[in-house]
Amino acid sequence: MQLITGISELVVNDLDTLGELGVVTDAALLIDDGRIVWSGPSAEVDTAAQNHLGDGGRSLNDDDIANGEVTSANDLSGLETIDLDGKAVIPGFVDSHNHLIFAGDRSEEFAARMAGQKYSAGGIATTVAATRAASEAELEANLVHLLDQAKRQGTTTFEIKSGYGLTVRDEIQALDIINRHTEESTLIAAHVVPPEFNENPEGYVDLVIDEIIPAAAGKAKWIDVFCETGAFTEDQTRRIIEAGRAVGMKPRLHANQLTEGGALKLGAELGCVSVDHATFASDEDLAVLAEAGTVVTLLPSIEFSTRQPYPDARRYVDAGVRLAIASDCNPGSGFSNSMPFVIAIGVRDMHFTVEQAVWAATAGGANALQRTDVGHLGVGARADLAILDAPSYRHLAYRPGVQLVERVYSDGELIVDNRPCG
């Protein structure tokens, strides 16, 4: 069991209400077997620790605990005490949209875009060629490297997509790698039509439906499609989503990233758990999504990297839409895996409040993955948390570009320590 005290602000989160952080000041946490067993004011920690001492240790009494500090820890079985001395604690970030299985570098494309070239979906083909040429070991090593970077930025839950192989072999290989690192695996073989099918896009749709999806059954939790000009039509998207759902995959969608088409309404109609990007959304789109209860996952770093217009989060909030934000880390349209960076952009350029952005990056991401065990620090949640080198969660937007994540815990285990050595 772990007792964490000296927390200046503890973000607990309400999974149901955007921006409702449930902040407790001068707080403490109790963790047992990788789960939160209590969180609340430090003034109540003595009673909580006595009630929850585990691992066969003797009962605590008032002589053992003083002002939230365990004074006889050496006499107690399995109780670790950690005093944060006035640092904030938030739930680990839930990054519900990632493309981390790939090879190659597209920095030249980024530089060209910054010089005025317009972004289009076709650039994905560059990564497809590099990914097909890479070995499984090379792909996994790159994934592990990117995951390590993201964990150091406070992310503890990852959704990861395939989509850069676009053959039966390459898509299944990608899913096998993904499943070694997260349970949130997504098949997006319908990411773009590969070059060999340029003259026969319907032939590729048939390949996805008839061969790739059956081969991925049991390997992918989610099915996704890039429904957009230059990628897949609404009719093709419907057929692919329905085929994935028929073998047990849950639907989600890339929708309205580049144009204001019908993808958002289609996502709601198909029962997609989340529709992602939603850069272009009409009032009617938002009303339909709100009625369906579909999560809209906004991706701030993509607009940052492509110079597309930022959606105004206030419109989505006012329409009653459920919101999340994620990194969409990928080699083409936005190669950042920093959720604090995403929060800062969301606040500065999408008009989220700080509270809404922090919630959307934690509880919102959990909703987009239909998870109730992550994204919050209430009783029963996984002990996935980030300790900030700051007194308040507000610093995540207040001090952009600064490494504010000091330590990261996953399942109650310390997985990142960014403190200077010595």
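In this text the structure is predicted, and so the values were computed from the model without any measurement.

Caption draft 1: View of the nonpolar core. Within the largest apolar cluster, 99 residues are counted, with the highest numbers of intra-cluster contacts made by Leu187 and Tyr204. In terms of residue count, helix H13 (residues 354–368) provides more of this core than any other element does, eight residues in total. When neighbours within four sequence positions are excluded, Leu187 is seen to be in contact with Ser162, Glu171, Leu175, Ile212, Ile213, Ala216, Ala220, Trp222, Ile223, Asp224 and Met249. Ile7, Val24, Ile31 and Ala381 belong to the second-largest nonpolar core, a separate cluster that totals 18 residues.

Caption draft 2: The sheet that holds strand E17 (residues 413–417), seen in detail. Read from one edge to the other, the open sheet built from seven strands follows the order E3-E2-E1-E6-E15-E16-E17, with strand pairing classed as mixed. Across the chains shown, the open sheet's two edge strands, defined by having one partner strand only, are strand E3 (35–41) and E17. The sheet shows a mean angle of 35° between the axes of neighbouring strands, taken without regard to direction. Across six bridges, the pairing between strand E2 (residues 24–32) and E3 is antiparallel. Looking across to E3, one finds that Leu30 is bridged to Trp38. Strand contacts of helix H4 (residues 136–152): strand E16 (405–410) and E17, with the helix running at about 95° to E17, the strand carrying the most contacts.

Caption draft 3: Layout of helix H12 (residues 339–350). Burial in H12 covers these residues: Met339, Pro340, Val342, Ile343, Ala344, Ile345, Gly346 and Met350. Where H12 begins, one side-chain oxygen reaches toward the backbone nitrogen of Phe341, 3.2 Å away; that side chain belongs to Ser338. Positive phi appears at His351, one or two residues downstream of H12, with a value of about 70°.

Caption draft 4: Spotlight on the pairing of strand E10 (residues 222–227). Among the six residues in E10, six count as buried, and that is most of the element. Where burial is concerned, the two faces of E10 agree: the one with Trp222, Asp224 and Phe226 and the one with Ile223, Val225 and Cys227 are both buried. Across three bridges, the pairing between strand E9 (residues 184–190) and E10 is parallel. Looking across to E10, one finds that Leu187 is bridged to Ile223. Of the crossover connections in this fold, the one passing from E9 over helix H6 (residues 201–216) to the parallel E10 is right-handed.

Caption draft 5: Layout of the packing of aromatic side chains. In the structure shown here, the tally under the stated rule is five aromatic pairs. On the numbers, 5.7 Å between centres and 75° between planes, the contact of Phe102 with Phe335 is edge-to-face. Of this pair, Phe102 sits in the loop between strand E7 (93–95) and helix H2 (107–114) while Phe335 sits in the loop between strand E14 (322–325) and H12, placing them 233 residues apart in sequence. Classification of Phe335 as partly exposed rests on a relative accessible area of 48%. With a centroid separation of 6.4 Å and 35° between ring planes, the pair formed by Tyr204 and Phe232 is classed as tilted. Here the residue Tyr204 occupies a position in helix H6, and Phe232 occupies one in the loop between E10 and helix H7 (234–246), the gap between them amounting to 28 residues. Note on Phe232: relative accessible area 1%, which makes it buried.

Caption draft 6: Local environment of the pattern of salt bridges. In the structure shown here, the tally under the stated rule is 29 salt bridges. Measuring nitrogen to oxygen at the nearest pair gives 2.9 Å for the salt bridge that ties Asp224 to Lys161. Placement of Asp224 in strand E10 and of Lys161 in strand E8 (residues 155–161) is noted, with a sequence separation of 63 residues between them. Note that Arg239 and Glu202 form a salt bridge whose closest N and O atoms lie 3.0 Å from each other. Of this pair, Arg239 sits in helix H7 while Glu202 sits in helix H6, and the two are 37 residues apart along the sequence.

Caption draft 7: Structural context of the sheet that holds strand E13 (residues 295–298). If you walk across this open sheet you meet the eight strands as E7-E8-E9-E10-E11-E12-E13-E14, and the pairing is parallel. The strands lining the two open edges of the sheet, one partner per strand, are E7 and E14. Within the sheet, the average angular offset between the axes of one strand and its neighbour, ignoring direction, is 25°. Pairing of strand E11 (residues 250–255) with strand E12 (residues 274–277) involves four bridges; the strand directions are parallel. Following the sheet pairing, Leu253 is matched in E12 by Val275.

Caption draft 8: Focus on the pairing of E2. Pairing geometry for strand E1 (residues 2–10) and E2, over six bridges, is antiparallel. Bridging across to E2, Leu10 finds its partner in Val24. Hairpin remark: E2 followed by E3, antiparallel, with two residues in the connecting loop; positive phi at Asp33, about 55°.

Rules used in this analysis
Residues numbered from 1 in each chain as written. Predicted model: local features only at pLDDT ≥ 70, side-chain atom pairs only at ≥ 80, totals over all residues. Heavy atoms only, no water. Core = buried A, V, L, I, M, F, W, Y, C linked by side-chain atoms within 4.5 Å. Buried < 20%, exposed > 50% of the residue type's maximum accessible area, 1.4 Å probe, protein only. Helix = DSSP H or I, 4+ residues; strand = E, 2+ residues; numbered from the N terminus. Contact = heavy atoms within 4.5 Å. Pairing = 2+ DSSP bridges. Axes fitted to C-alpha atoms, helices over the stretch in contact; angles between N-to-C directions. Polar contact = N/O pair within 3.5 Å; in protein donor to acceptor, adjacent residues only side chain to side chain. Right-handed = clockwise from strand over helix to strand, strands pointing away. Phe/Tyr/Trp six-rings, centres within 6.5 Å; stacked < 30°, edge-to-face > 60°. Salt bridge = Lys/Arg side-chain N within 4 Å of Asp/Glu carboxyl O.

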